[in-house]
Amino acid sequence: MNLDLGLLGAHLREHEVTPESAAEVERAGYGTLWLDASPPADLALAEELLDATTRLVVGTSVVNVWTAGAETVAASYHRIEGRHPGRFLLGVGIGHREVHTEYASPFDTLVAYLDRLAAAGVPAERIVIAALGPRMLRLARDRTAGTIPCMVSPEHTRRARAVLGDGKLVLPGHFALVEPDAGKARAIARSGPAGAALGVTNYAANLRRLGFTDDDLAGTGSDRLTDALVAHGDPATVATRLLAHRAAGADQVGVFPLGDDPIATLRAVAHAVGSVDPHTGVKVM
């Protein structure tokens, strides 16, 4: 693969990002900006963000097979690649049965979607999938460049690397919140995606595979589970916890910023990561 994804990826939703803030993310040192929450198949915003930056890779995390037709996505990929060669990575996901009434046969549906992308000329090495369980991870290994999971711990990253082996991308996303007060941080986390998503079947099943219990998953999550999914504390503590994914085998650590100012959180995290050894997680003096 000829993409330079960088050590850190910034995960932002459409309403959180503009061309101007994408340039700020680039200046902060992020290698990739991931567009979250099922961006439209025309990928117009991805192209705008690439237009506004010079080296930043833009990826989707993820286009949804139920809402984004494969042929339209493929045409968008080719358009973007023509304008910004080597700076776009297509993340694809199967969605959730709680959201999509047509949800059925997730594995076979995703395989068919990848077949359609391949028939339309999208290279496998420019696709990653949001794989959580072993079967989907094997699909990521065999049919794409790798995986971009979220709602995962470093233990999942370790298991994903074991399945995918060397040479494939493991790009976990992790929530980050700069808030030294643990009680406040957990309350913010539980009121956001980290708490709300616990009722989603795919995420809950994966967390159970990782050793979390029904008690951990009850309501908006136990302290143990919240702390596993959300890196919170001062910036240095957040950076150290995020880099645990790197030690577990991640190629890049994706940062999902929580709090009132996501760009400020991304800046603080990037600055702190710059002062921590990415291999040992120890602060560089």
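Each remark here, short or long, concerns the structure printed above.
(A) Looking closely at the pairing of strand S9 (residues 173-178). Of all six residues that make up S9, five are buried, and the element is covered over most of its length. Here four bridges tie S9 to strand S10 (residues 230-233), and the two strands are oriented parallel to one another. The residue bridging Val-178 from the neighbouring strand is Gly-233, located in S10.

(B) Up close: the nonpolar core. Membership of the largest hydrophobic core comes to 61 residues, with the highest contact counts inside it found for Tyr-30, Leu-33, Leu-90, Val-92, Tyr-113, Leu-117 and Ile-129. Leaving out residues up to four positions away in the same chain, Tyr-30 has contacts with Leu-8, Gly-9, Ala-10, Val-25, Arg-55, Leu-56, Val-255, Leu-266, Val-269 and Ala-270.

(C) Looking closely at the packing of helix H3 (residues 70-83) against helix H4 (residues 106-119). Here H3 crosses H4 at 45 degrees, and the two axes come no closer than 9 Å. Comparing their axes, H4 and H3 come out oblique. Crossing angle aside, the handedness with which H3 passes H4 is right-handed. Residues Ala-70, Glu-71, Val-73 and Ala-74 of H3 form the contact with H4, whose own contacting residues are Tyr-113, Arg-116 and Leu-117.

(D) The pattern of salt bridges, seen in detail. Tallied over the full model, the rule gives 16 salt bridges. One salt bridge in this structure joins Glu-47 and Arg-79, with 2.6 Å as the shortest N-O distance. Taken as a pair, Glu-47 in helix H2 (residues 44-51) and Arg-79 in helix H3 lie far apart in primary sequence, 32 residues in all. Residue class for Glu-47 comes out buried when judged on its relative accessible area of 12%.

(E) Highlighting the packing of aromatic side chains. Tallied over the full model, the rule gives three aromatic pairs. Measuring from ring centre to ring centre gives 6.0 Å for Trp-66 and Tyr-103, while their planes differ by 45 degrees; the resulting arrangement is tilted. With Trp-66 in the loop between strand S4 (63-64) and H3 and Tyr-103 in the loop between strand S5 (88-93) and H4, the pair connects residues that are 37 residues apart, well separated along the chain. For Tyr-103, a relative accessible area of 11% puts it in the buried group. Ring centres 5.3 Å apart and planes at 50 degrees place the aromatic pair Phe-175 and Phe-256 in the tilted group. On the criterion of sequence distance, the pair formed by Phe-175 in strand S9 and Phe-256 in strand S11 (residues 253-257) is long-range, its members being 81 residues apart. Here Phe-175 falls in the buried class, since its relative accessible area comes to 7%. Just above the ring of Phe-107 sits the side chain of Arg-135; from NZ or CZ to the centre is 3.7 Å.

(F) Looking closely at the side chain of Glu-81. Inspection of the secondary structure assignment puts Glu-81 in helix H3. At 3.2 Å, the side chain of Glu-81 forms a polar contact with the backbone nitrogen of Gly-86. A polar contact of 2.6 Å, which involves the side chain of Glu-81, links it to the side chain of Arg-126. Excluding its chain neighbours within four sequence positions, the residues that come into contact with Glu-81 are Gly-86 and Arg-126.

(G) Broad picture of the packing of H4 against helix H5 (residues 134-143). At a closest axis distance of 11 Å, the pairing of H4 and H5 adopts a crossing angle of 15 degrees. Of the possible angle classes, the one that applies to H4 and H5 is roughly parallel. Where H4 crosses over H5, the handedness of that crossing is right-handed. In contact with Pro-106, Phe-107, Leu-110, Val-111, Leu-114 and Asp-115 of H4, H5 contributes Arg-135, Met-136, Leu-139 and Arg-143. For the contact of H4 with H5, a count of residues per class yields seven nonpolar, no polar and three charged.

(H) Highlighting the side chain of Asp-36. As for its placement among the helices and strands, Asp-36 is situated in strand S2 (residues 32-36). Within the structure, Asp-36 has its side chain in polar contact with the side chain of Ser-61 (distance 3.4 Å). Discounting residues that sit within four places of it in the chain, Asp-36 has contacts with His-11, Leu-12, Arg-13, Ser-61 and Phe-256.

(I) Representation of the environment of Ile-127 within the structure. Tracing the backbone shows Ile-127 in strand S6 (residues 127-129). Each C-alpha atom of the pair Ile-127 and Ile-148 lies 9.9 Å from the other, and the pair is 21 residues apart in sequence. Those residues in contact with Ile-127 that lie beyond four places of it in its chain are Leu-89, Leu-90, Val-92, Leu-114, Leu-117, Val-122, Thr-144, Ala-145 and Gly-146.

(J) Structural detail: H3. Here H3 contains 14 residues, and its C-alpha end-to-end distance of 20 Å stays within 8% of the 20 Å for a straight helix at 1.5 Å per residue. Elements in contact with the buried residues of H3: H2, S5 and H4.

Scoring rules and cut-offs
- Sequence order as written defines residue numbering, which begins from 1 separately in each chain.
- pLDDT decides what is reported in this predicted model: residues at 70 or higher carry local features, side-chain atom pairs at 80 or more are listed and counted, and totals for whole chains, interfaces and linings draw on all residues regardless.
- As a rule here, side-chain values cover all heavy atoms of the structure and leave hydrogens and water aside.
- Summary of the burial criterion: residues with accessible area below 20% of their type's maximum are buried, those above 50% are exposed, and those between are partly exposed, where the area comes from a 1.4 Å probe applied to protein chains only.
- The numbering of helices and of strands both runs from the N terminus, where a helix is a DSSP run of H or I of at least 4 residues and a strand a run of E of at least 2.
- Strand pairing requires that DSSP identify at least two bridges connecting the strands.
- What makes a nonpolar core is a set of buried Ala, Val, Leu, Ile, Met, Phe, Trp, Tyr and Cys residues whose side-chain atoms join them at distances within 4.5 Å.
- We call two residues in contact whenever any of their non-hydrogen atoms come within 4.5 Å of each other.
- A fitted line through C-alpha atoms represents every axis, and for helices the fit uses only the stretch in contact; the resulting angles, taken between N-to-C directions, go from 0 to 180 degrees.
- Each angle gets one of four labels, with under 35 degrees taken as roughly parallel, over 145 as roughly antiparallel, 65 to 115 as roughly perpendicular, and the rest as oblique.
- In this scheme, a crossing is called left-handed if the near helix is turned counterclockwise away from the far one by less than a right angle; it is called right-handed if the turn is clockwise.
- In what follows, salt bridge is the name for a side-chain nitrogen of Lys or Arg lying within 4 Å of a carboxyl oxygen of Asp or Glu.
- Ring geometry is summarised as follows: Phe, Tyr and Trp rings, the Trp one being its six-membered ring, pair when their centres sit within 6.5 Å, and such pairs are stacked at plane angles under 30 degrees, edge-to-face over 60 and tilted between the two.
- Counted as over-ring charges are cases with an Arg CZ or a Lys NZ within 6 Å of the ring centre that also lie within 35 degrees of the ring normal.
- Each polar contact in these results corresponds to two N or O atoms within 3.5 Å; when the atoms are within protein, one needs to be able to donate a hydrogen and the other to accept it, and residues that are neighboring in sequence are counted only if both atoms are side-chain atoms.
- Only Asp, Glu, Lys and Arg are considered charged, only Ala, Val, Leu, Ile, Met, Phe, Trp, Tyr, Cys and Pro nonpolar, and every remaining residue, Gly among them, polar.
- Each helix should span, by expectation, one fewer than its residue count multiplied by 1.5 Å.

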